[in-house]
Amino acid sequence: MNLASLKPRAALRSGAGRQPRRPGHSTGGATLLVVGGLALVLMSLAAFSQRHLLSGLQLSDTHTRTAKAFEAAQAGIDWALVRLNHRGAVDAHCRPSSSPEAPSFADRLLQPRSTSPVGGAPPLPRAGARCVASAEPWPCECGPPGRTVDTPPATRQGAEPAHFNVQLLSSAHGNPDRLQLVSYGCQGSTPPCHDDNAASSNSNREAVSRLQVTLARMPALAQAPVAALTVRGALTLGGSPWRIDNEQGLAVHTGGAVSATALTARGAPGSPASSAQWHDASLGQQPADVAFASMLRVPRATWPQLPSVRRVACRSACDSALREAMAPDAVATLLWLDGGLHVDRPLTLGTPARPVVLVSDGPVVLRASLVVHGMVYALSPDWSAVAGSVVHGAVVAEGSLRGQGVQQVRYDSAVLSRLQTEDGTWLRVAGSWKDF
């Protein structure tokens, strides 16, 4: 065997013919580094995006809670204004109360502007009203702090309802016709929404909004009539025995002729009978709308829309509706009577301490005795009454007046003064709204 012929094959088997491996030749490590770097960059971008998304969600949640707190505070102002113009009695939960001893909403909340006792003692907690948006209607509480507003179990366990707390403060200058209404709206905290105690903690209040407005009282009566009976037109009584008394001055004031053979008009004691009546032709020349607004402060078309005015349908006998309006939980003192004033049973409207204003948009037909403490403004010329019917205050007829039956009118300056100074409609003062 030729040994020389076997060398090439042996060389092939031993790998003598392969290319030598070059120094630095890659085997996949660089690729792994590049992929790892890209993965790290992508993870960083994802983390940054996630953080930005979480920040956006937190900011959106904060804005939502702040908006709910603001709306709750605004709802507190509107709610308190409505309750303030409702003169009926309320219980400890701000609901209408039929108890004659129960105070009104204003009496429960109204307090002096300074609530700090003498001697440097800590400030007294202010009374307020609190409501929670946890059910329909919202559960509320009126009066001094200390009680917890009842909320359903589901609300206490999971949801975070919005709620508000309102406070009424008297004017800094002691003006009874001015009030400061402060409303705190909260979202995500435990009622009460606001506490005046300096030691109270705000840590659990996630969103709080404070609003304040000045309220002014528009008197129920802008100016009192000078006479017990004021008729802008002619007064026609025929032989009806009406009696008009005013011990302080003028009894009858008319703008037209007087036709009354059985009228008894008495003025101040010792004055002649002729001085108890005054015919003033200029009285009837004043436009009806101007006369209405000059006495009741607003135009006739606007007066029934005031929040303190209650409209009562009275085209037929409305004794039940009027008694309901005078109930302790209602005590409507400003009444617009649609269709007139029709009474079939003895009735008393108003009291010397809480007189009424009745605007009769139709004839006055009294088939039973009616006693009124306040003022009656008649838009219709027809008035029919029976014995025992008395108005303690004043009667004003927008036009002429044709009277029948037996009616007595006694001028009461104290009653009319209360309508000017203690009764009326609470309204917001323009430009007084504050959110700080």
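Before reading on, note that the structure itself is shown above.
Now for a look at the structure at hand. (Residues numbered from 1 in each chain as written. Predicted model: local features only at pLDDT ≥ 70, side-chain atom pairs only at ≥ 80, totals over all residues. Heavy atoms only, no water.)

## Some details on the overall build of the chain
A count of helical and extended segments in the chain gives seven helices and 24 strands. Once local pairs closer than 6 in sequence are excluded, the contacts in the chain between residues at least 24 apart make up 55%. On the chain, roughly 22,800 Å² of surface is accessible, and the fraction owed to carbon and sulfur atoms is 56%. (Helix = DSSP H or I, 4+ residues; strand = E, 2+ residues; numbered from the N terminus. Contact = heavy atoms within 4.5 Å. Areas by Shrake-Rupley, 256 points an atom, 1.4 Å probe, with all protein chains shown as cover.)

## As for the pattern of salt bridges
For the structure on display, the rule yields 12 salt bridges. With a shortest N-O distance of 2.8 Å, D177 and R217 are connected by a salt bridge. Here the residue D177 occupies a position in the loop between β3 (162-170) and β4 (178-187), and R217 occupies one in strand β5 (residues 207-219), the gap between them amounting to 40 residues. A relative accessible area of 15% means that R217 is categorised as buried. Salt bridges linked by common partners bring D289, R300 and E398 together as one network. (Salt bridge = Lys/Arg side-chain N within 4 Å of Asp/Glu carboxyl O. Buried < 20%, exposed > 50% of the residue type's maximum accessible area, 1.4 Å probe, protein only.)

## Structural notes on the side chain of N85
Topologically, N85 is positioned in the loop between α2 (29-84) and α3 (105-109). Since its relative accessible area comes to 4%, N85 is described here as buried. For N85, the contacting residues outside a window of four places in its chain are P307, S308, G424, T425 and W426.

## Side note on the sheet that holds strand β15 (residues 341-343)
Taking strand neighbours across the sheet as the criterion, the six strands line up as β10-β7-β22-β20-β18-β15 in an open arrangement whose pairing is parallel. Of all strands in the sheet, those with a lone pairing partner are β10 (258-260) and β15, marking the two edges. Between one strand and the next, the sheet's axes are offset by a mean angle of 15°, whatever the strand orientation. Bridge analysis of strand β7 (residues 235-238) against strand β22 (residues 401-405) gives two bridges, and the strand direction is parallel. Each bridged residue has a counterpart across the sheet, and for L235 the counterpart in β22 is L401. (Pairing = 2+ DSSP bridges. Axes fitted to C-alpha atoms, helices over the stretch in contact; angles between N-to-C directions.)

## Details of the pairing of β3
Along any regular strand the residues' side chains alternate between the sheet's two faces. Judged by how many residues are buried, β3 sits mostly within the fold: eight of nine residues are covered. Relative to β3, strand β1 (residues 128-132) runs antiparallel, the two being bridged by four bridges. Looking at the pairing, C131 lines up with F164 of β3. Pairing analysis gives nine bridges linking β3 to β4, with the strands arranged antiparallel. By the bridge assignment, N165 is partnered in β4 with Y184.

## Topic: the state of the cysteines
Here the structure, examined in full by the defined rule, presents three disulfides. Residue C314 pairs covalently with C318 via a disulfide, S to S 1.8 Å. Handedness here is read from the sign of the S-S torsion; for C314 and C318, about -50°, the answer is left-handed. By relative accessible area, C314 is classed as buried at 0%. (Disulfide = S-S within 2.5 Å.)

## What to know about the packing of aromatic side chains
Per the stated rule, a full pass over the model turns up eight aromatic pairs. Aromatic pair F292 and Y377: ring centres 5.1 Å apart, planes at 80°, arrangement edge-to-face. Here the residue F292 occupies a position in helix α5 (residues 288-296), and Y377 occupies one in strand β19 (residues 370-378), the gap between them amounting to 85 residues. The exposure class of F292 is buried, given its relative accessible area of 0%. Between W303 and W336 the ring centres are 6.2 Å apart and the planes differ by 45°, which places this aromatic pair in the tilted class. Of this pair, W303 sits in the loop between α5 and β13 (309-313) while W336 sits in strand β14 (residues 334-338), and the two are 33 residues apart along the sequence. Each member of the pair, W303 as well as W336, carries the same accessibility label: buried. Three or more aromatic residues link up through ring pairs in this structure, and these residues are W79, F105, W138 and F164. (Phe/Tyr/Trp six-rings, centres within 6.5 Å; stacked < 30°, edge-to-face > 60°.)

## What about the nonpolar core?
Counting 62 residues, the largest nonpolar core has W303, L322, M375 and W383 as the members making the most contacts within it. Looking at this core element by element, the count peaks at six residues for β19. Here L322 is in contact with V312, L335, L337, L341, V343, L347 and L349, once residues within four sequence places are set aside. (Core = buried A, V, L, I, M, F, W, Y, C linked by side-chain atoms within 4.5 Å.)

## Points about the sheet that holds β1
Pairing in this open sheet of six strands is antiparallel, and the strands run β2-β1-β3-β4-β5-β24 from one edge to the other. Of all the strands in the sheet, just β2 (140-143) and β24 (424-428) have a single pairing partner and so form its edges. Across this sheet, the average inter-strand angle for adjacent strands is 20°, counted without regard to direction.

## Observations regarding a nonpolar patch on the surface
Residues V41, L42 and L45 make up a contiguous nonpolar surface patch of about 290 Å² in total accessible area. Topologically, L45 is positioned in helix α2. (Patch = residues over 30% accessible without salt bridge, like charges linked within 9 Å, V, L, I, M, F, W, Y side chains within 5 Å.)

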